[in-house]
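Letter by letter, the chains look like this.
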Amino acid sequence: MSFDFEHYKEIYEKKRSYIKTPEALNTEYVPDKLLFRDEQLDRLWFDISDIVDNVKIAKTPTIFGPPGVGKTAVVKHIISKVLPFYCDGIEPKPIILYLRCNTHTEYSIIHSMLEKLKIKRPRRGIEIELLYQDLENKLESIQRNFLVVLDEIDKYVARGYNKKIIFNLNRMPYMNMILVGNDLSFLDTLDASTKSSFSKDPIHMKRYNRVQLRKIVRERADIISSVKGFIPDGACDYISLLSWREGGDARFAIKLLVTSIELAISQGKNSIDEKIINTAINRMHLNEMKESIYDLSPYETIALATLFIYNNGKKMDTTELHQRYERICRTTSYSPVGMKQFKRYLFQLESIGLLEKDFVGKGYSKGTSNKYKFKAQSKDIQEIIVEKIRKELDIDALKTKEAIKKGNMLL
Ligand SMILES: Nc1ncnc2c1ncn2[C@@H]1O[C@H](COP(=O)(O)OP(=O)(O)O)[C@@H](O)[C@H]1O
Ligand SMILES: [Mg+2]
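Residues numbered from 1 in each chain as written. Chains lettered and ligands numbered in written order. Predicted model: local features only at pLDDT ≥ 70, side-chain atom pairs only at ≥ 80, totals over all residues. Heavy atoms only, no water.

Helices and strands together make up the secondary structure of the protein chain, namely 17 helices and eight strands. Taking as baseline every contact in the protein chain between residues at least 6 positions apart, the subset at least 24 positions apart corresponds to 71%. For the protein chain, the computed accessible surface area is about 22,100 Å², with 50% contributed by carbon and sulfur atoms. When the 67 positive and 55 negative side-chain charges of the protein chain are each reduced to one mean point, those points stand 4 Å apart. (Helix = DSSP H or I, 4+ residues; strand = E, 2+ residues; numbered from the N terminus. Contact = heavy atoms within 4.5 Å. Areas by Shrake-Rupley, 256 points an atom, 1.4 Å probe, with all protein chains shown as cover. Lys, Arg positive; Asp, Glu negative; His and termini not counted. Charge placed at Lys NZ, Arg CZ, Asp CG, Glu CD.)

Next up, the structure:
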C-alpha cells in the first residue's frame, strides 16, 4: 500500500466521533436559530407574508449590508423554514426560487426561473424577450405567485448585466422579488415606477460586534460537536476576537472555526487551542492571497511583475514604476496602458496586500505623489507569483530580477 492507511483511518474515525452535524461545517449552512437578527427576520416576514394567500407582495423588500452579516441566512430562514411552514396544506402554494446572482447572466436567471416552472428551453441562443414572454404566460395560466430571491444582485450589475431585469420582473403579474446585496445603491438609477415598488425602508444589516460574534461561534461550535472540551470557550473567544478584527464578519468566524476543527482532527488533537487557531488563520490568509493572485488579469500581472522584478526593497514613485512597466510590456505581447489605468492596477494589487503605498509630499503647493514598494511575502506566495508571471507572461521573473541586480540588464 502506497499511502498511510492508519493515518487516514484515524482522521475518518475521529471525524465520525467528534462531529455530530457535518452539514454545519459548511459556511452556507443556516442554523435553526439565528441570533441578533429578530428585527430583520420580523420585517422581512411582515413584507412577504401576503404571499401565503397567493397575493402579490405590495413592496419588494431589499436587504443590504457588508459580507458575513447574515443577509443570506435571514432570507433563507424565512423562505425555506417559515414560509413553507405557513404554506403547508394551503393551495395554491407560492413557487420559491433562491438564486445567487454573482455567477448569473440575465439569460441564466430567467432560464432558471423557467426551469423551476418545468419549462424546458435551450441554455442559450433564444431571444431574451421570448423567455420573458414564456415566463409571463406560464404565471398567467397557473395563477400562482412566484417568489425569486436575487441574492448578490449588486455583483450581477457590477459585471455589466442588464439591470432592467428588475423592471421586467417587477411588472409581471404573480412575480415577487427579494433583492439582496452588499451595496444596492444602483437601485436609485432605475426608473421611478420600479423604484416606488421597493420597500421605502431597506433592511440594513450591520457588522457584528465581538460579543455577538462570540455567541454565534459558540452556538455553531455546539451544533457541530458535542464532545466536551474539544472546542473550549477560550477557543471561541479567540476566534471571535480575530474575526472582529477582520471586520465583524460571521462567515470569516465560521470558516476559522471550521479550519481549526479540521486541523485539530488531522493533527490528532483533542482540543482546539490558540496555536491551532493561529495556524488556521495563516492558512486562510494564504489561500485567500493565492486565489487573488490566480484571479489577476494579464494586465494586472504585468504590474505585479514590474514591482516584483524591479522593486528591491526600495520605494518607487508612479512615474518610475510606469517606465519600468512599459519596459516589461515590450517583452510581452501586451501594449502598455496609460498612467491612469496603470494606477488602477496598482490599486488592485494594494487591495490584495501585495504592495505598500506611501504618500510623499513633493514640496509646498506641489501636492503629493505615491510611492510604492513590493510587500515582502512568504516563500509560498513568492512561488505562486513567479508561477503566475511565467504562465501569464512567459517571463522568468527570478532570472530577470537576478540579471538586473548584477547589472546585466537595463534597470
Ligand atoms: N445571526 C447569526 N446567527 C447564527 N449564524 C449566523 C448569523 N449570521 C450569520 N451566520 C452564519 O455566518 C455565515 C455567513 O452568513 P451569511 O448569511 O452567508 O452572510 P452574508 O449573506 O451577509 O454575507 C453563515 O454560515 C451563517 O449561517
Ligand atoms: Mg450572502
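The next subject is the sheet that holds strand E4 (residues 175-181). The sheet built from five strands is open, its strands ordered E2-E3-E4-E1-E5 with parallel pairing. In the strand order of this sheet, the two ends are held by strand E2 (95-100) and strand E5 (203-204), each with one partner. By the bridge criterion, five bridges tie strand E3 (residues 146-151) to E4 in an arrangement that is parallel. Following the sheet pairing, Phe146 is matched in E4 by Met175. The strands touched by helix H4 (residues 106-116) within the sheet are E2, E3 and E4, with E2 carrying the most contacts at an inclination of about 150°. (Pairing = 2+ DSSP bridges. Axes fitted to C-alpha atoms, helices over the stretch in contact; angles between N-to-C directions.)

For the rest of this paragraph, the subject is the site of ligand 1. Near ligand 1 there are 20 residues, and of these Thr27, Leu35, Gly68, Thr72 and Tyr208 occur at the shortest range. Taking Tyr29, its main chain carries an N or O atom lying 2.8 Å from an oxygen atom of ligand 1. Interatomic distance of 3.0 Å between a backbone N/O atom of Val69 and an oxygen atom of ligand 1. For ligand 1, whose accessible area on its own is 560 Å², the fraction buried by protein is 96%. (Near = heavy atom within 4 Å. Polar contact = N/O pair within 3.5 Å; in protein donor to acceptor, adjacent residues only side chain to side chain.)

Let us look at the side chain of Thr306. When you line up the elements, Thr306 lands in helix H13 (residues 298-310). Given a relative accessible area of 0%, Thr306 falls into the buried group. Ignoring anything within four residues of it in the chain, the contact list for Thr306 reads Asn311, Leu321, Arg324, Tyr325 and Ile328. (Buried < 20%, exposed > 50% of the residue type's maximum accessible area, 1.4 Å probe, protein only.)

Next up on the list: a nonpolar patch on the surface. There is a patch of nonpolar side chains on the surface, built from Phe3, Phe5 and Tyr8 and spanning about 340 Å² of accessible area. Within the secondary structure, Phe3 sits in the segment before helix H1 (5-18). Exposure remark for Phe3: the relative accessible area of 45% places this residue in the partly exposed category. (Patch = residues over 30% accessible without salt bridge, like charges linked within 9 Å, V, L, I, M, F, W, Y side chains within 5 Å. Salt bridge = Lys/Arg side-chain N within 4 Å of Asp/Glu carboxyl O.)

In this section: the packing of aromatic side chains. In the structure shown here, the tally under the stated rule is nine aromatic pairs. Ring-pair connections join several aromatic residues into one group, and the members of that group are Trp45, Phe85 and Tyr86. The ring of Tyr310 is capped by Arg324, whose NZ or CZ atom sits 5.7 Å from the centre of that ring. (Phe/Tyr/Trp six-rings, centres within 6.5 Å; stacked < 30°, edge-to-face > 60°. Lys NZ or Arg CZ within 6 Å of the ring centre and 35° of its normal.)

Now for a negative patch on the surface. Taken together, Glu246, Glu288, Glu291 and Asp295 make up a surface patch of like negative charges. For Glu246, the position within the fold is in the loop between helix H10 (233-245) and helix H11 (250-266).

This part takes up unusual backbone geometry. In this chain, Glu91 is followed by Pro92 through a cis amide linkage whose omega measures -10°. With respect to the element layout, Pro92 can be found in the loop between helix H3 (71-87) and E2. Located in the positive-phi region is Glu152, a residue other than glycine, with phi close to 55°. Phi is positive for Tyr174, close to 65°, though the residue is something other than glycine. Following the sequence through the fold, Tyr174 ends up in the loop between helix H7 (164-170) and E4. Here Tyr174 falls in the partly exposed class, since its relative accessible area comes to 21%.

With respect to the secondary-structure elements, Pro84 resides in helix H3. Discounting chain neighbours no more than four positions away, the residues touching Pro84 are Ile78 and Ile79.

Once that is clear, we can look at the packing of helix H14 (residues 318-330) against helix H15 (residues 339-351). Two elements in contact, H14 and H15, have axes whose closest approach is 11 Å; the angle formed by their N-to-C orientations is 95°. In terms of axis orientation, H14 runs roughly perpendicular to H15. On H15, the residues touching Thr318, Thr319, Leu321, His322 and Tyr325 of H14 are Met339, Phe342, Lys343, Tyr345 and Leu346. Taken together, the residues that form the contact of H14 with H15 break down as six nonpolar, three polar and one charged. (Parallel < 35°, antiparallel > 145°, perpendicular 65-115°, else oblique. Nonpolar A, V, L, I, M, F, W, Y, C, P; charged D, E, K, R; others polar.)

This paragraph deals with the packing of H10 against helix H12 (residues 274-294). The N-to-C vectors of H10 and H12 enclose an angle of 30°; their axes lie 10 Å apart at closest approach. With respect to H12, the element H10 is oriented roughly parallel. As H10 packs across H12, the resulting crossing turns out to be right-handed. Within the contact between the two elements, H10 uses Ala235, Tyr238, Ile239 and Leu242 and H12 uses Glu274, Ile277, Asn278 and Ile281. Along the lines of polarity and charge, the residues of the contact of H10 with H12 split into six nonpolar, one polar and one charged. (Left-handed = near helix turned anticlockwise from the far one by under 90°.)

With respect to burial, H4 is a largely interior element, eight of its eleven residues being buried. Turning to H4, its buried residues are Glu106, Tyr107, Ile109, Ile110, His111, Ser112, Met113 and Leu114.

Function cannot be inferred from these measures alone, as they are strictly geometric.
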